[in-house]
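Topology and contacts: notes
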Amino acid sequence: MSTILWQGRPIPFHPGESLASALIRAGVLILGQAPTGQPRAVFCGIGQCQGCLVRVGGRLVEACLTPCRTGMDVFPEDGEHDV
Amino acid sequence: MPQPPDFDVAIAGAGIVGASVAWHLAGAGLSVAVIDATGPAAAASGASDGAVSVASKKPGPLARLASASLLYTRVLSQGGPLAGAFQARPSYVFGQGAAELAAMDALIVKLGQIAGPVRVSADGGRGVLPGLGTGVERLVALDGEGHMPGHKAVRAYLARPGITPVWPARIMGITADDAGVTLDLGARRLRAGRLVAALGVSTPDHFPALPVIPRAGQLFITDRGPAGALPGSLTAAAYLLAKTDSPAAAPLPPVVIDPLATGQFIIGSSREDHGDPLRVDFATLRQLMTRSVAAWPMLAELRVIRAFAGIRAAVADGLPIVGPLPDAPRILMATGFEGDGICLSALIGAEVARMARGLPPSDAVAADLNALSPSRFTPQRQEGRA
Amino acid sequence: MMSERPVLVIGAGLAGLAAAVELARAGLQVLVADQAQAPGGAVHRQPLPGVRSVASRTQRRRWDGLMTAVQAQGARITLAMGTAFGGVDHTGAVLLTGAGARLFRPRALVLATGARERVQPRPGWTLPGVETAGSLQTRLKMLAQPPEGRVLLAGSGPLLLALGAELTRLGRPPIAIVEAGRPLARPLAALGLPLSYLTEGAGYLARLRLAGVPVLPATHLVAIRAEAGALLADLDTPTGRRSQSADRIALHDGIAPNDIGLPDCPALPMVRAGDCREALGARAALADGQAQGAALAARLLGQPMPAPAAEVIRQRAAQVLVARLHAHDGAARLAALPGDTILCRCEGRSLNDLRALGPGPTDRQLRLDGRFSMGACQGRFCAEWVARLAAPDTEKPRLGAARWPARPIAIADLLAAPDETQGDPA
């Protein structure tokens, strides 16, 4: 089965599924930290709220708009940058 | 016939210059009204990158005044109004190609002549600062400058007791007589002993004889990047080329990369003669971005979250206009700073406050201040429009 | 083909594709760009490959009809999926990023970016597990798989009933639907709605009733807390306060045009179509897309303007009635929120931060000193409420002009888009 990696942990996905959808189905709700230190999560689901930002290959992307690809390395966005 | 004054001094314009004048006057015990069409920091002061920079000032009186103002800004930040607004930090000037490298030589000469608080701490290749890209041939690192978001300074200055805010209020007309100045605010008239016109881009509405024009600079803001990676502003030497007596056409865009405390970057800017704050174009933004990324490659990974044009009040000869109008000495001008108000506001606020109290300028800066006098233009004043 | 500059349509939903069909029928070349991977928009979000559609027969008929019309236009309509709209500048240059990245000058622009959900701030609305009803519904449409655990739907509007019925049909009814209005209190007034609204609504209610899903009218979800691994919702009911435990909470307080940061550009003929022009729902979006597309085609080709769409006027009347049936005093409760309620989700700015600005803050003070509407979402989820709180007496509060770009764009993407504007007639 195809998987992405969330902090190194394999997460299965359906072909065409968004990162947000696959992560939620795997029980991953917290995608990072807001500048205030509060947890961030999927909210609007259509690329409007910027709540579901995650880091893929050093870049910030909206998890709700980004389709899963096999082996994609996905990390939370928590203000701790190490690009 | 004139009514007795409501205030000792009225200040038209709640930008950083007007706010500093107000703070100084209120501190001397005068009653002050600050009138603004919109509110505090509504124009250039609110759209600035906040660099308190001497290096970028036009050589001569302006650079010397900026140096004195930087020292005074530091004093005001030591437990004074600018505590929490001003932060000391290093700054950097980079260049590529003969014209920019020559401008950097001239910068070092200029700073040496001023012999003020800004000193060259390093001068070399891009190895001087880790993280620089191939777009940097030479880097000059400076110590002594700092950062001060315009809106924070404005807010701090205007918080002083004795300052009466009057906004939003549009000034329909200005009439001066021997005893004072009357402002027509539409619904009411406001009378003051003197008027300080710190009107920025609105200056021509009331003083059309003064050659002040709006000059737009496209800017963009990124989302958060690695905080602290760039310790201070990174200015292309092309920016210095634009601020000379005979502005040379810069071979490369005059970018300034300014890191904010949030980990965001504000990056500018173009120089265009119009006043539309929402007017941006992809060709210009891509030029600014291309050069910024070549100088600081990590920017490529960041996202642009906003772009706009900061509108500054520019004067034909590149110097601000500060001092009494020759034919209406109860009106004091303090305008036309074209973005330099962030650095100059502390000193100019103090000196214009002295003028408004009928005192002579401080000895150390009197000659340089004189170079900014409105009397250098045709000495005629238009009454405010009806 | 390359010599003919296309009309660019942003949004491959009902309105965008309906407009594209009309433009293509008039003989124009059309490029439709959408950030999603497949056409459909929010309303007709298509199931992923191998997933059974959860759409009703009526919905499927509407979409299939439109797609047939699109296909009939052949090469006149090109779809660029996975392609985001990066804005238009004052010279008329348009930036697309993603799969179909380019910087070019289209012949004209149709903005059909749909609707956005309005969600009123409440304590706890930023907690993980709390999302918008539309967000939950989007995943449902793509995967036909309801979320695990107890789902609570709250807010106001017909979407809550529709989503509740879909969850029920998939075997996981919500534990309750909390509706701030009293839409069923005046059945005679409801009879003024078009028949299709009534049959659709009755179908949802019948399904929910059969499954025993409580629909709580005149009830406000006023706060959410995280407690012992679950979410605890405080409900303000006509008979008093009570708490409801849930695992997921979906909020929805209505829809508005998704038009924040969308440009106006005198250098480019431009129209808006569907919910992004006026949020009237799916039926109006199709008709409005056709009408706007036909009108733009006539304008570009110098032909007489077609008559306005009667269907849009009918749907507007129906939506006014729907809004009246769902009317409630939720907005009046804003000022009574606890001070530490987050208003700006991006930067975590609270009602206390707003009050600290003093009485009557200017737009500039709200933005610069308060940092409201300054985050990456450009105020989509806070500006309306902050403006209302800052100027309670203003009829139509707003908070500054939104700036380019409508959505954040990676600098690398912006630089990577091939520049086709050179040599173009500007």
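Residue positions are given per chain, counting from 1 as you read along its sequence in written order. Here chains are named by letter from A upward and ligands by number from 1 upward, in the order in which they appear as written. Local features in this predicted model are restricted to residues of pLDDT 70 or higher, and side-chain atom pairs are both shown and tallied only at a pLDDT of 80 or more, whereas totals for entire chains, interfaces and linings draw on every residue. As a rule here, side-chain values come from all non-hydrogen atoms in the structure, and water together with hydrogens is ignored.

In the annotation of an unreviewed UniProt entry, the entry for chain B reads Glycine/D-amino acid oxidase, and the organism field reads Gemmobacter megaterium.

If you look chain A up in an unreviewed UniProt entry, it shows as 2Fe-2S iron-sulfur cluster binding domain-containing protein from Gemmobacter megaterium.

Attention now moves to the overall build of chain A. To qualify as a helix, a DSSP run of H or I must reach at least 4 residues; to qualify as a strand, a run of E must reach at least 2; elements of each kind are numbered from the N terminus. Regarding its fold elements, chain A presents one helix and seven strands. Across chain A, helices and strands are ordered from the amino to the carboxyl terminus as β-β-α-β-β-β-β-β. Throughout, the radius of gyration refers to the C-alpha atoms, and the reference size of a globule is 2.2 Å times the residue count to the power 0.38. Scaling as 2.2 N^0.38, a compact globule of 83 residues should have a C-alpha radius of gyration of about 12 Å, and chain A matches this with 12 Å. With the principal axes as the frame, chain A shows a C-alpha extent of 35 × 25 × 20 Å. With a 1.4 Å probe rolled over the protein chains alone, any residue whose accessible area is under 20% of its type maximum counts as buried; one over 50% counts as exposed, and the rest are partly exposed. When burial is assessed residue by residue, chain A has 55% of its 83 residues classed as buried. Taking all contacts inside chain A whose residues are at least 6 apart in sequence as the whole, residues at least 24 apart take part in 41%. Entry remark: accessible area of chain A is about 3400 Å², with carbon and sulfur atoms responsible for 52%. Contacts: residue pairs with any heavy atoms within 4.5 Å of one another. Per-residue and other accessible areas follow the Shrake-Rupley method at a 1.4 Å probe size, with only the shown protein chains counted as cover for residues.

Okay, the overall build of chain B next. Within chain B one finds 10 helices and 19 strands. Against the compact-globule benchmark of 21 Å for 386 residues, chain B has a radius of gyration of 21 Å, which places it among compact chains. Overall, the C-alpha framework of chain B stretches about 70 × 40 × 40 Å when taken along its three principal axes. Per-residue burial over chain B gives 59% buried out of 386 residues. Summarising the internal contacts of chain B: among those between residues at least 6 apart in sequence, 75% fall at separations of at least 24. For chain B, the accessible surface area stands at approximately 13700 Å², while carbon and sulfur atoms represent 55% of it. Taking the average location of the 33 positive side-chain charges in chain B and that of its 30 negative ones, the two points are 4 Å from each other. By the counting rule applied here, Lys and Arg register as positive and Asp and Glu as negative, while His and the ends of each chain are not counted. For the purpose of locating charges, the reference atoms are NZ of Lys, CZ of Arg, CG of Asp and CD of Glu.

What follows is about the domain arrangement of chain B. All names here are of chain B. Those domain boundaries reflect an automatic or database domain assignment. Partitioning chain B into domains gives domain 1 (7-45 + 151-211 + 318-385) and domain 2 (90-144 + 213-315). Distance from the C-alpha centre of domain 1 to the C-alpha centre of domain 2: 30 Å. Every contact between the two is made by 15 residues of domain 1 and, on the other side, 10 residues of domain 2. Buried area between domain 1 and domain 2, both sides added, is near 970 Å², and the carbon and sulfur share of it is 57%. Of all residues in domain 1, Val201, Pro211 and Glu338 bury the most surface against domain 2, accounting for 56% of the area lost on that side. Think of a salt bridge as a Lys or Arg side-chain nitrogen and an Asp or Glu carboxyl oxygen that are within 4 Å of each other. With its nearest N and O atoms 3.2 Å apart, the salt bridge here joins Arg215 to Glu338. Side-chain atoms alone can form a polar contact between residues adjacent in sequence; in general such a contact is a pair of N or O atoms within 3.5 Å, and within protein one must be able to donate a hydrogen while the other accepts it. Across the domain 1-domain 2 interface, the total number found is four residue pairs in polar contact (both at pLDDT 80 or more). In this classification, the charged set is Asp, Glu, Lys and Arg, the nonpolar set is Ala, Val, Leu, Ile, Met, Phe, Trp, Tyr, Cys and Pro, and all remaining amino acids, among them Gly, are polar. Looking at the side of domain 1 that touches domain 2 residue by residue, the classes come out as eight nonpolar, four polar and three charged. Once two parts are put together, the accessible area they lose, assessed with a 1.4 Å probe and summed over both, is termed the buried area.

For the rest of this paragraph, the subject is the nonpolar core. Residues and elements named next belong to chain B. Ranked by size, the top nonpolar core spans 67 residues in total, and within it Ile11, Leu25, Met148, Tyr157 and Ile348 carry the most contacts. No other element matches the 10 residues that helix H9 (residues 341-356) contributes to this core. Three or more residues apiece are contributed to this core by two domains, here domain 1 (7-45 + 151-211 + 318-385) and domain 2 (90-144 + 213-315). Every residue in contact with Met148, bar those within four places of it in the chain, is listed here: Ile16, Gly50, Val52, Thr73, Leu82, Ala85, Phe86, Ala153, Ile342 and Ser345. Here, nonpolar core refers to any group of buried Ala, Val, Leu, Ile, Met, Phe, Trp, Tyr and Cys residues whose side-chain atoms link them within 4.5 Å.

Here a pair means two rings of Phe, Tyr or Trp (six-membered ring of Trp) with centres within 6.5 Å. Their orientation is stacked below 30 degrees between planes, edge-to-face above 60, and tilted elsewhere. Scanning the model with the defined rule gives four aromatic pairs over all chains in all. Relative to B:Tyr157, the ring of B:Trp23 has its centre 6.2 Å away and its plane inclined at 55°; by these criteria the two rings are tilted. Of this pair, B:Trp23 sits in helix H1 (residues 16-27) while B:Tyr157 sits in helix H5 (residues 150-158), placing them 134 residues apart in sequence. Per residue, the accessibility class of B:Trp23 equals that of B:Tyr157, and both read buried. Cluster of aromatic residues (ring-pair linked, three or more members): A:Phe43, C:Trp125 and C:Phe381. Geometrically, a charge over a ring is one whose NZ (Lys) or CZ (Arg) sits within 6 Å of the ring centre while staying within 35 degrees of the ring normal. The ring of C:Trp125 has C:Arg345 lying over it, and the distance from NZ or CZ to the ring centre is 4.7 Å. A cation over a ring is seen here: C:Arg403 above B:Phe308, with NZ or CZ 4.8 Å from the ring centre.

Before going further, it helps to spend a moment on the pairing of strand S5 (residues 91-95) of chain B. The side chains of a regular strand alternate, first on one face of the sheet and then on the other. All names here are of chain B. S5 sits mainly inside the fold: five of its five residues count as buried. Neither face of S5 is left uncovered, since the one carrying Ser91, Val93 and Gly95 and the one carrying Tyr92 and Phe94 both have all their residues buried. Here, a strand pair is defined by DSSP locating no fewer than two bridges between the strands. Bridging between S5 and strand S7 (residues 138-143) involves five bridges; their strand directions are antiparallel. Bridging across to S7, Gly95 finds its partner in Arg138. Pairing of S5 with strand S14 (residues 234-236), which is carried by three bridges, proceeds in the parallel orientation. Bridge assignment links Phe94 to a residue of S14, and that residue is Ala236.

As a further point, take the sheet that holds strand S13 (residues 220-227) of chain C. Residue and element names in this part refer to chain C. One open sheet holds the three strands; their spatial order is S13-S14-S15, and the pairing between them is antiparallel. Edge positions in the open sheet fall to S13 and strand S15 (240-246), since each of these has one partner strand only. Strand-to-strand twist in this sheet, taken as the mean axis angle between neighbours without regard to direction, amounts to 25°. Where S13 meets strand S14 (residues 230-237), seven bridges bridge the pair, whose relative direction is antiparallel. Residue pairing for S14: His220 is matched across the bridge by Asp236. The axes are straight lines fitted to the C-alpha atoms, using for helices just the contacting stretch, and the angles between their N-to-C directions are given from 0 to 180°.

How big an interface is tends to be reported as the loss of accessible area on association of its parts. Contacts between the two partners involve 38 residues from chain C and, on the opposite side, 27 residues from chain A. Run the count over chain C and chain A and you get two salt bridges. We note a salt bridge from C:Arg407 to A:Glu62, for which the minimum N-O separation is 3.2 Å. Scanning the region where chain C abuts chain A turns up eight residue pairs in polar contact (both at pLDDT 80 or more). Looking at the side of chain C that touches chain A, the elements that each hand over two or more residues are strand S8 (115-117), strand S9 (130-132), helix H3 (133-143) and helix H12 (411-416) of chain C. The greatest single-element share of the side of chain C that touches chain A, amounting to five residues, is contributed by H3(C). When its residues are assigned to classes, the side of chain C that touches chain A shows 18 nonpolar, 10 polar and 10 charged.

Facing 35 residues of chain B, the contacting portion of chain C comprises 39 residues. Taken together, the two surfaces of chain B and chain C that pack against each other cover about 3000 Å², and 61% of this comes from carbon and sulfur. Looking only at chain B, the three residues that lose the most surface to chain C are B:Phe282, B:Arg286 and B:Arg306, adding up to 28% of its buried area. Put simply, chain B and chain C have three salt bridges between them. Where B:Arg286 meets C:Asp419, a salt bridge forms, and the shortest distance between an N and an O atom there is 4.0 Å. Between chain B and chain C we count 13 residue pairs in polar contact (both at pLDDT 80 or more) in total. Of all elements in the fold, only helix H2 (44-47), H5, strand S13 (212-222), helix H8 (282-295) and strand S17 (303-315) of chain B reach the threshold of two or more residues within the side of chain B that touches chain C. For the side of chain B that touches chain C, the per-class residue count stands at 21 nonpolar, seven polar and seven charged. Pairing of S17(B) with strand S21 (residues 409-410) of chain C, which is carried by two bridges, proceeds in the antiparallel orientation. Looking at S21(C), one finds that B:Val304 is bridged to C:Ile409.

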